Amino acid sequence: MQISPLTGGLGAEITGVDVRDAGQFESLQAAFAKHSVIVIRNQQDITPEDHLAFARKFGPINVNRFFKPVDGHPEIATVTKEKDQKEAVGEGWHTDHSYDTAPALGSILRAIEVPPYGGDTLFVSMGMAYDALSAPMQRFLEGLSAWHSSRHVFGASAEDSEAARSGRLANATAATQDVLHPVIIRHPLSGRKGIYVNPVFTTRIDGLADTESEALLNFLYLHCQQPEFQARVRWQAGDISMWDNRATWHKAINDYHGFRRHMHRVTIEGCPLDGVSA
Ligand code: SIN
């Protein structure tokens, strides 16, 4: 197995491995813990059952409520953009399921069909973004919590989106989650501190005036998007990428109009998140 870092601080590309091989799992698990994003190349023969079996080695499956499920596999979500569609799922910077009380540990995306160019996924290290803040700003943020919600993204207001009209997103009445998480979390496994707000699901910082909350969130979003904290995954059909939702943001690049991109995603159960003083 060859593990090659994608950047100085986030992500690794892995070749020479088969995710079905139980004997290689520990090395993959260690690579995931170290790099937060792993791109496992050349998994062309993987079936939906293999995808689920690999995910279950990390924990129970967290079934997405809003994405169209794969026929016969309700635990797998489709992430597809047809060649005549304009909107892609996941175009804004986000972390999956941050609107849940116990946000998903991670997500495993399998590329089945990719466009001839474009359709990359970008990632940000929230630990690197935290480390780059000044000590007074870190201390200030460590005392704060923020609200996250599914309502404005998957609820009634989204029903007129192309994704909802085309059936890629559904179940708007289930978009009832509002939850408070610390703005700075301690990663449940590594203990590393990281920023835990994101532009898609975070709605406000608790206890601040509206203008203060908006200004602070905008500052954090700009800060986190610095290229120095990013890694970029260029997909090939058959690749599997796995990312840590407690340590990263991600964003699907929608630059391949006229071509189809078809992925299957499995998400793994997480746990409630603690602030740094817990
Ligand atoms: C997602 O946000 O889960 C999808 C990311 C992608 O399609 O690249």
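This section reports on the structure supplied with the text. (Residues numbered from 1 in each chain as written. Predicted model: local features only at pLDDT ≥ 70, side-chain atom pairs only at ≥ 80, totals over all residues. Heavy atoms only, no water.)

Of all the positions in helix α1 (residues 25-35), only F25, L28, A31, F32 and H35 are classed as buried. For α1, the arc enclosing every buried residue in end-on projection is 125°, short of the 170-degree limit, so these residues lie on one face. With respect to the buried face of α1, the exposed residues turned more than 90 degrees away are E26, A33 and K34. Of the residues one or two after α1, S36 is the one with positive phi, at around 70°. (Buried < 20%, exposed > 50% of the residue type's maximum accessible area, 1.4 Å probe, protein only. Helix = DSSP H or I, 4+ residues; strand = E, 2+ residues; numbered from the N terminus. Arc of directions from axis to C-beta.)

Here we take up the side chain of D239. Note that D239 resides in the loop between β13 (230-233) and β14 (240-244). Of note is the side chain of D239, whose polar atom sits 2.5 Å from the side chain of R41. A polar atom in the side chain of D239 sits 3.5 Å from the backbone nitrogen of N42. Not counting residues up to four positions away in its chain, the partners in contact with D239 are I40, R41, N42, L109, R110, A111 and R234. (Polar contact = N/O pair within 3.5 Å; in protein donor to acceptor, adjacent residues only side chain to side chain. Contact = heavy atoms within 4.5 Å.)

Bringing the sheet that holds strand β3 (residues 37-40) into the picture now. If you trace the eight strands from one edge of the open sheet to the other, you get β1-β2-β3-β14-β6-β16-β5-β4, paired in mixed fashion. Lying at the two open borders of the sheet, with one neighbouring strand each, are β1 (2-5) and β4 (69-70). Relative to strand β5 (residues 73-81), β4 runs antiparallel, the two sharing two bridges. Among the inter-strand pairings, P69 is bridged to a residue of β5, identified as A77. (Pairing = 2+ DSSP bridges.)

With that settled, the discussion passes to the packing of helix α4 (residues 135-142) against helix α7 (residues 210-224). In the contact formed by α4 and α7, the axes pass within 14 Å of each other and the chain directions differ by 125°. Classified by the angle their axes make, α4 and α7 are oblique. Considering only the axes of α4 and α7, their crossing is left-handed. Seen from α4, the contacting residues are M137, F140 and L141; seen from α7, they are L216, F219 and L220. Here the residues of the contact of α4 with α7 are counted per class, giving six nonpolar, no polar and no charged. (Axes fitted to C-alpha atoms, helices over the stretch in contact; angles between N-to-C directions. Parallel < 35°, antiparallel > 145°, perpendicular 65-115°, else oblique. Left-handed = near helix turned anticlockwise from the far one by under 90°. Nonpolar A, V, L, I, M, F, W, Y, C, P; charged D, E, K, R; others polar.)

L141, V183, I195, V197 and I205 are the most contacted members of the largest nonpolar core, which totals 25 residues. Every element with two or more residues in this core is listed here: β7 (121-125), α3 (126-131) and α7. The element best represented in this core is α7, accounting for five residues. With residues near it in sequence (within four places) discarded, V197 still touches M126, A146, H148, V183, T202, L217, L220, Y221 and W249. (Core = buried A, V, L, I, M, F, W, Y, C linked by side-chain atoms within 4.5 Å.)

In the structure shown here, the tally under the stated rule is 14 aromatic pairs. Ring geometry for F123 versus W243: centroids 5.4 Å apart, planes at 50°, classification tilted. Of the two residues, F123 sits in strand β7 while W243 sits in strand β14, which places them 120 residues apart along the sequence. With relative accessibility at 0%, the residue F123 sits in the buried group. (Phe/Tyr/Trp six-rings, centres within 6.5 Å; stacked < 30°, edge-to-face > 60°.)

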